[in-house]
Amino acid sequence: MRMDTGGNSSAVGIKKSFRNELVAVAVLLVVAALTLVFSSHVQKPFASAEVQFTDASAHGLAIVPASCPSSPHYVGDCSGGVGACPSGQRQDGNTCTQITCPSGWTLQANDCIPPASIGFVSFTALNPNGNFNASGNLQVFPILVRSGDSIRVYWNVANATGCTVSGTNGDSWTANLSGDAGQTSGPITAQTVYTMVCEGLVGASPPEVQQSQTINIVPVFNER
Amino acid sequence: MRAEENIVWAVSPSAPRAFAYGERHFDATDPGEYDVNRAEYFFKLAAAEDPTLPYVYHELARIDFLRGYFRSALAKIDFQISMHGDNTPNSYYIRGLIEGYMGNYTASIADYRHFLQFDSTDWAAMNDYAWVLLKAHRAQEAVDVTKKGLALFPYNPWLLNTNATALYEIGDIKHAYLQAQLAVSMSNTLTESSWLHAYPGNDPQVAVQGIETFQKAAADNMHTIRLAFASSTVQ
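Since we're looking at a predicted model, the values are computed, not measured.

**Student:** Got a sec to walk through the overall build of chain B? Specific residues and values, please.
**Tutor:** When helices and strands are counted, chain B shows 13 helices and zero strands. Element order for chain B, N to C, with α for helix and β for strand: α-α-α-α-α-α-α-α-α-α-α-α-α. Out of the 235 residues in chain B, the part that is buried amounts to 52%. A fraction of 50% describes how many contacts in chain B between residues 6 or more apart in sequence connect residues 24 or more apart.

The following block contains the structure:
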């Protein structure tokens, strides 16, 4: 009986021990599996040849190459960005200084752009003797009149702060354009000179434009 | 995203699609998608479908270069240039970079010069051109190149550091010291974003490590130059 009992207890002990080992192996397998799964989801940093690369100069200083233009999508991107002067500033030695443009000039992409110069805009001029294509410069029509007649004066000026057109007969207008029908003069009784003076925008070159036109009187011939 | 790529690729494989997927995983500015192995997988698929696709061997060469497989990288970029030449000008930049790392400075100088014809205001190309000039013992030319670069990018820490080194090499210790101080100062303002822009193929996760390496290099240079400057003023 005793021996039987002893044999039973020994068998039970072996079974228990075997069971414990199985549990331990199972736990180890689970841990190994979890480790494998976890490690496959953790990306190891990709340390490239460039990361810690510095090269030595002849006297032992460290030179650090970059590789900005290597990406096909970075063409031109490395022409700005790191270390450039901010917009509106320019390099002055080792400092960036504010760009100051002359009066009337505008700052565009770090360049000072002068204001537009005075220009002349063509238009169809209306005239009782026939419409014509006016150039925008000072024009008078007709240029030869009988004493006492009137003429029409045409102009159309762009990029001017103001224009004054005056005649030696006393006519005077202040406007950048005459209108399509022009301005009708007073009576022309002698040779008359019309002068247009236009002021350009602040900072523009030239600062002023002046043009003149002369009206003559048809000579009168008296038969004897 | 990856499962979707796999499915779409299985259903409709094409060289441009594979290349686009490769590009998606080879972008330092997108840390979530960056995976150089997957990028290489798709670039190889693209190359198998259409080896004439612009930039496919350029990208494969970059990956080999980043892994330090310079000979293989050089073979691939040579193949790229033989097919596309000046149509992919930054392939010359890549070849200059590889040759520089391999110590073939004469060839590297020629390739950087060629690339700069296409992008004459590229600060990184100027910096790297100066690097190989210095390695070829042409320090005065390195001074000139970095000076030109600094006229456009006065606070660029790479150019400042290389300029300081070049000035030191030609014996202009005083100006080298000034530039080195500025290089240290500007390297300390580097952000991960600007660093990744300078090294677009690198893993975003190592940006901090890269910045630290650069900052240490600049600081060590300043220390060396300061000692030389102090010594020169004592004499």
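**Student:** How would you summarise the packing of helix α9 (residues 139-152) of chain B against helix α10 (residues 157-170) of chain B if you had to cite specific residues and measurements?
**Tutor:** Residue and element names in this part refer to chain B. Between α9 and α10, the least distance of the axes is 8 Å, while the angle of their chain directions is 150 degrees. Classified by the angle between their axes, α9 and α10 sit roughly antiparallel to one another. Our pair here, α9 against α10, has a crossing hand that is left-handed. Taken together, the residues of α10 that come into contact with α9 (itself represented by Ala139, Gln140, Ala142, Val143, Thr146, Lys147, Gly149 and Leu150) are Leu159, Leu160, Thr162, Asn163, Ala166, Leu167, Glu169 and Ile170.

**Student:** Pulling in residues and values, what's your account of the sheet that holds strand β12 (residues 152-154) of chain A?
**Tutor:** Adjacent strands of a sheet form backbone hydrogen bonds with each other and so pair up, either parallel or antiparallel. Residues and elements named next belong to chain A. Spatial ordering of the open sheet is given by β10-β12-β16, a layout of three strands whose pairing is antiparallel. Single-partner strands in this sheet number two, and they are β10 (139-141) and β16 (183-184). Judged from the three bridges that link them, β10 and β12 form a sheet pairing that is antiparallel. Bridging from a neighbouring strand, Phe141 pairs with Arg152 of β12.

**Student:** So what about the pairing of strand β18 (residues 208-217) of chain A? Which residues, and what values?
**Tutor:** Residues and elements named next belong to chain A. Examined bridge by bridge, strand β11 (residues 144-145) and β18 share two bridges and lie parallel to one another. Residue pairing across strands places Val145 opposite Ile217, the latter belonging to β18. Relative to β18, strand β17 (residues 192-200) runs antiparallel, the two sharing eight bridges. In the sheet register, Thr195 faces β18, and the bridge partner there is Ser212.

**Student:** Go over α9(B) with me, naming the residues and quoting the values.
**Tutor:** Residue and element names in this part refer to chain B. Its 14 residues place the ends of α9 20 Å apart at the C-alpha level, agreeing with the 20 Å of an ideal helix rising 1.5 Å per residue. Residues of α9 that are buried: Ala139, Ala142, Val143, Val145, Thr146, Gly149, Leu150 and Leu152. Looking at the buried residues of α9, the elements they touch are α8 (123-135) and α10.

**Student:** I'd like a description of the environment of Tyr55(B), backed by residues and values.
**Tutor:** Relative to the helices and strands, Tyr55(B) is located in the loop between α3 (36-49) and α4 (56-67). Overall, the presence of 23 C-beta atoms within 10 Å leaves Tyr55(B) in the buried class. Linking Tyr55(B) and Met83(B), residues 28 residues apart in sequence, is a C-alpha distance of 9.9 Å. Setting aside anything within four residues of it in sequence, one finds Tyr55(B) in contact with Pro72(A) and Thr88(B).

**Student:** Describe the confidence of the model for chain A, and please don't skip the residues or the numbers.
**Tutor:** All names here are of chain A. Chain-level statistics for chain A give a pLDDT mean of 80 and a share of 73% at 70 or above. In the model, residues 1-6 has pLDDT below 50 throughout and makes zero contacts with residues more than four positions away in sequence or in other chains. Across residues 36-45 the pLDDT falls below 50, and counting only partners more than four positions away or on other chains, this stretch makes three contacts in the model.

**Student:** Give me the pairing of strand β14 (residues 160-167) of chain A: which residues, what numbers.
**Tutor:** Residue and element names in this part refer to chain A. With seven bridges joining them, β14 and β17 adopt antiparallel strand pairing. Bridge pairing in β17 places Ala160 opposite Gly200. In the sheet, β14 pairs with strand β15 (residues 172-174) via three bridges, with the strands oriented antiparallel. Across the sheet, residue Ser166 finds its bridge partner in β15, namely Ser172. Following β14, the chain reverses through four residues before pairing antiparallel with β15; Gly170 in that reversal takes a positive phi of roughly 105 degrees.

Calculation criteria
- Residues numbered from 1 in each chain as written.
- Chains lettered and ligands numbered in written order.
- Predicted model: local features only at pLDDT ≥ 70, side-chain atom pairs only at ≥ 80, totals over all residues.
- Helix = DSSP H or I, 4+ residues; strand = E, 2+ residues; numbered from the N terminus.
- Buried ≥ 20, exposed ≤ 12 C-beta atoms within 10 Å, placed from the backbone.
- Contact = placed C-beta atoms within 7 Å.
- Axes fitted to C-alpha atoms, helices over the stretch in contact; angles between N-to-C directions.
- Parallel < 35°, antiparallel > 145°, perpendicular 65-115°, else oblique.
- Left-handed = near helix turned anticlockwise from the far one by under 90°.
- Pairing = 2+ DSSP bridges.
- Expected span 1.5 Å × (residues − 1).
- pLDDT = per-residue confidence, 0-100.

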